[in-house]
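Architecture at a glance
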Amino acid sequence: MSNMFCYQCEQAAKGTGCDTVGVCGKKPETSALQDIIVHQCKGLGYLTHELRKLGKKDESIDRFVVDALFTTVTNVSFDDARLVAVIRKGEELKKSILDTYTKAATEAGQGVEPSHLPAPVGFVPAATDEELASQGADVGILKTSANEDIRSLQHLLTFGIKGMAAYAHHAYRLGKSDDTVYAFFHESLAALTKSDPSVDELVGLNMKCGELNIRTMELLDQGHTEHYGNPEPATVQVGLRKGPAIVVTGHDMLDLEELLKQTEGTGVKVYTHGEMLPAHGYPGLRKYEHLAGHFGSAWQNQQKEFDGVPAVYLFTTNCIQRPRPSYADQVFTTGLVSWPEVTHVKNGDFGPVIKKAQELGGPSEDQLTGKQMTTGFAHNAVLGVADKVVDAVKGGAIKHFFLVGGCDGAKPGRNYYTEFVEKAPEDTVVMTLACGKFRFNDMELGTIGGIPRLLDVGQCNDAYSAVRIAQALAGAFECSVNELPLSLVLSWYEQKAVVILLSLLSLGIKGIRIGPSLPAFISPNILNFLVENFDIKPISTADEDLQAIMAA
């Protein structure tokens, strides 16, 4: 294969789409296989949605669809063999559920005419892996509506449910799920099989996606806090210490916990990287003394940060970049993450990871940077001092709140967020979350009345905490969130950021600034709709935006 088309992330080539190879490193064959997986999920969603109307459910389909969609999120899986395995499993499940649906419909007095079923239901993967990749061209993301605005809304929904699938996956691993969430996956996938959906229908589904994602993030928040306690403010040392080292990146706290258990007494120190930093705020994880600190910054810097360092790197969820040959044998993946020729952890056995760390020996001298970062300011911690916050606002000590967060990335323009926080007036408070915070979370911004001016709320999924904080403040001031002295300045990169935006819009939050560039999949008319109804604004310059916000 020599071509592809993918524009699901912010770094889409030329601002329009990757058409020869992904900026992320995704090959055309890999892109095609992922397109097939999404196409299959539409067929499974349709059948499951119809079957649910007949009073029947299948939990195995629920879990498969969630994991399959998550597998297609940017920077998760680059291993064609593992993607082919997902497709083969999807075909098995489709045959089974189609048979179940046909029997149930017949028993209910409804005929099932195969020719009337949508195309994704009738799709049959090619027999050989070589032929399979070529099928992707027939089911790619541009093989949808010819109407630009309908296609834009279809892809907004598709990328939204991909992001929601990531959070649903983490939640169910922690024992938290909600059948309403699974039902929506199938409802939306079924809607995506329609050849003539209306704008109103798709707008409604996108808003419902945001609403159900809030529920999904709530479930994940419950899973985290029930397992590890409510996050507490914590100061974290940056850099490596002497001795064998494993650096854990991604988002999965359950994998981190299991690794901490298996490394007890081995002499191996465990460090967080990227969006795993908030792990240090959880009492149930911080209790492990060999959770030694944090190493590095955001995902896009891993190649230069990992190269030449004698540590092992464990990828638990999306964020993997092509490992340089110099450290490729130090990389391990787990869960849904995969990269060709990188060792994948099986059945939760981190023995090979630990053995490799011991063989490498780790740094011979401390490589601490002298920097410290703070984390752990989730909703429970912030609301615990809500009275002080309210008094500071009423007394004029705090003039404004900013939520500056989201995804980081390599594309130029993201220094805006560093400059914005640097220039934020001293009587303002900055909340942040996700890996975008690494642009500024080592700054010393001081305090206001004992309240830190920089509050790390957590991972991208902890947008739920930010929502809880905003809603609590609105309640305290007896106003709407839009009437608070609060501005949202967000950066986006991949599909989890897309669904978080949908979540905020579903709450009616207006005036969000977003950058560094707008999504390539949003058509001009749909962008105008978002501007007119939600006052969404592209970022300009830090000075201009701060002046406009503070003057409002």
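Burial analysis of strand S14 (residues 486–491) places 6 of its 6 residues in the buried class, which makes it a mostly covered element. Sheet analysis places strand S9 (residues 400–406) next to S14, joined by 6 bridges and oriented parallel. Within S14, the residue paired with Gly405 across the bridge is Leu490. Examined bridge by bridge, S14 and strand S15 (residues 513–515) share 3 bridges and lie parallel to one another. When the sheet's bridge partners are listed, Val489 is paired in S15 with Arg513.

A separate point is the sheet that holds S9. With respect to topology, 6 strands assemble into an open sheet ordered S13-S10-S9-S14-S15-S16, the strand pairing being parallel. With partners counted over all chains shown, the strands left at the sheet margins are strand S13 (454–458) and strand S16 (537–538), one partner each. Set on the sheet, helix H16 (residues 463–477) makes contact with S9, strand S10 (428–433), S13 and S14; between it and S10 the angle comes to about 150 degrees.

Our focus in this paragraph is the nonpolar core. Among the nonpolar cores identified, the biggest contains 169 residues, and Ile161, Phe185, Ile246, Leu285 and Tyr313 are the most heavily contacted of them. If one sorts the elements of this core by residue count, helix H6 (residues 148–173) sits on top with 13 residues. Apart from the residues lying within four places of it in its own chain, the contact partners of Tyr313 are Val247, Phe295, Phe306, Tyr327, Gln330, Val331 and Phe332. Among the nonpolar cores identified, the runner-up in size contains 17 residues, and Phe402, Leu445, Val489 and Ile539 belong to it.

This paragraph deals with the pairing of strand S3 (residues 269–272). Remember that side chains alternate between the two faces of the sheet whenever the strand is regular. Note that strand S2 (residues 245–249) and S3 share 4 bridges and pair parallel. Bridge pairing in S3 links Ala245 to Lys269. The pairing of S3 with strand S4 (residues 291–294) spans 3 bridges and is parallel. Looking at S4, one finds that Thr272 is bridged to His294.

Here we take up the side chain of Lys94. Relative to the helices and strands, Lys94 is located in helix H3 (residues 80–107). Residue classification places Lys94 among the buried positions, given a relative accessible area of 9%. From its side chain, Lys94 meets the backbone oxygen of Phe123 in a polar contact 2.7 Å long. Discounting residues that sit within four places of it in the chain, Lys94 has contacts with Leu44, Leu47, Pro120, Val121, Gly122, Phe123 and Val124.

Of all the residues in helix H14 (residues 386–394), the buried ones are Val389, Val390, Ala392 and Val393. Across the axial projection of H14, the buried residues extend over an arc of 160 degrees, all falling on one side. Of the exposed residues in H14, those oriented more than 90 degrees away from the buried face are Asp391 and Lys394. Looking at the residues trailing H14, positive phi occurs at Gly396, about 90 degrees.

Each pair of packed helices can be described by the angle between their axes along with the distance between the axes. The N-to-C vectors of helix H8 (residues 199–228) and helix H9 (residues 253–263) enclose an angle of 20 degrees; their axes lie 11 Å apart at closest approach. Taken together, the axes of H8 and H9 are roughly parallel relative to one another. Relative to H9, H8 is oriented so that their crossing is left-handed. Contacts between H8 and H9 involve His224, His227 and Tyr228 from the former and Met253, Leu254 and Glu257 from the latter. A class-by-class count of the residues in the contact of H8 with H9 yields 3 nonpolar, 2 polar and 1 charged.

The next point concerns the side chain of Glu91. One can find Glu91 in helix H3. Excluding anything up to four places from it in sequence, Glu91 contacts Gln40, Phe123, Val124 and Pro125.

Here we take up the pattern of salt bridges. Summed over the entire model, instances satisfying the criterion amount to 30 salt bridges. One salt bridge connects Arg215 with Glu218, and the closest N-O pair in it is separated by 3.0 Å. You can see Arg215 and its partner Glu218 sitting in helix H8, 3 residues apart, about one turn around the helix. On the basis of relative accessibility, which here comes to 27%, the residue Arg215 falls in the partly exposed class. Overlapping salt bridges bring together Arg52, Lys57, Asp62 and Asp179 as one network.

This brings us to the packing of H6 against helix H17 (residues 495–506). Where H6 meets H17, the axes come as close as 7 Å, and the angle between the chain directions of the two elements is 100 degrees. When the axis of H6 is compared with that of H17, the two are roughly perpendicular. Packed against H6, whose contacting residues are Leu156, Phe159, Gly160, Lys162, Gly163, Met164, Ala166 and Tyr167, the element H17 presents Gln495, Lys496, Val498, Val499, Ile500 and Leu502 at the interface. Taken together, the residues of the contact of H6 with H17 break down into 9 nonpolar, 3 polar and 2 charged.

Rules used throughout
- Residues numbered from 1 in each chain as written.
- Predicted model: local features only at pLDDT ≥ 70, side-chain atom pairs only at ≥ 80, totals over all residues.
- Heavy atoms only, no water.
- Buried < 20%, exposed > 50% of the residue type's maximum accessible area, 1.4 Å probe, protein only.
- Helix = DSSP H or I, 4+ residues; strand = E, 2+ residues; numbered from the N terminus.
- Pairing = 2+ DSSP bridges.
- Contact = heavy atoms within 4.5 Å.
- Axes fitted to C-alpha atoms, helices over the stretch in contact; angles between N-to-C directions.
- Core = buried A, V, L, I, M, F, W, Y, C linked by side-chain atoms within 4.5 Å.
- Polar contact = N/O pair within 3.5 Å; in protein donor to acceptor, adjacent residues only side chain to side chain.
- Arc of directions from axis to C-beta.
- Parallel < 35°, antiparallel > 145°, perpendicular 65-115°, else oblique.
- Left-handed = near helix turned anticlockwise from the far one by under 90°.
- Nonpolar A, V, L, I, M, F, W, Y, C, P; charged D, E, K, R; others polar.
- Salt bridge = Lys/Arg side-chain N within 4 Å of Asp/Glu carboxyl O.

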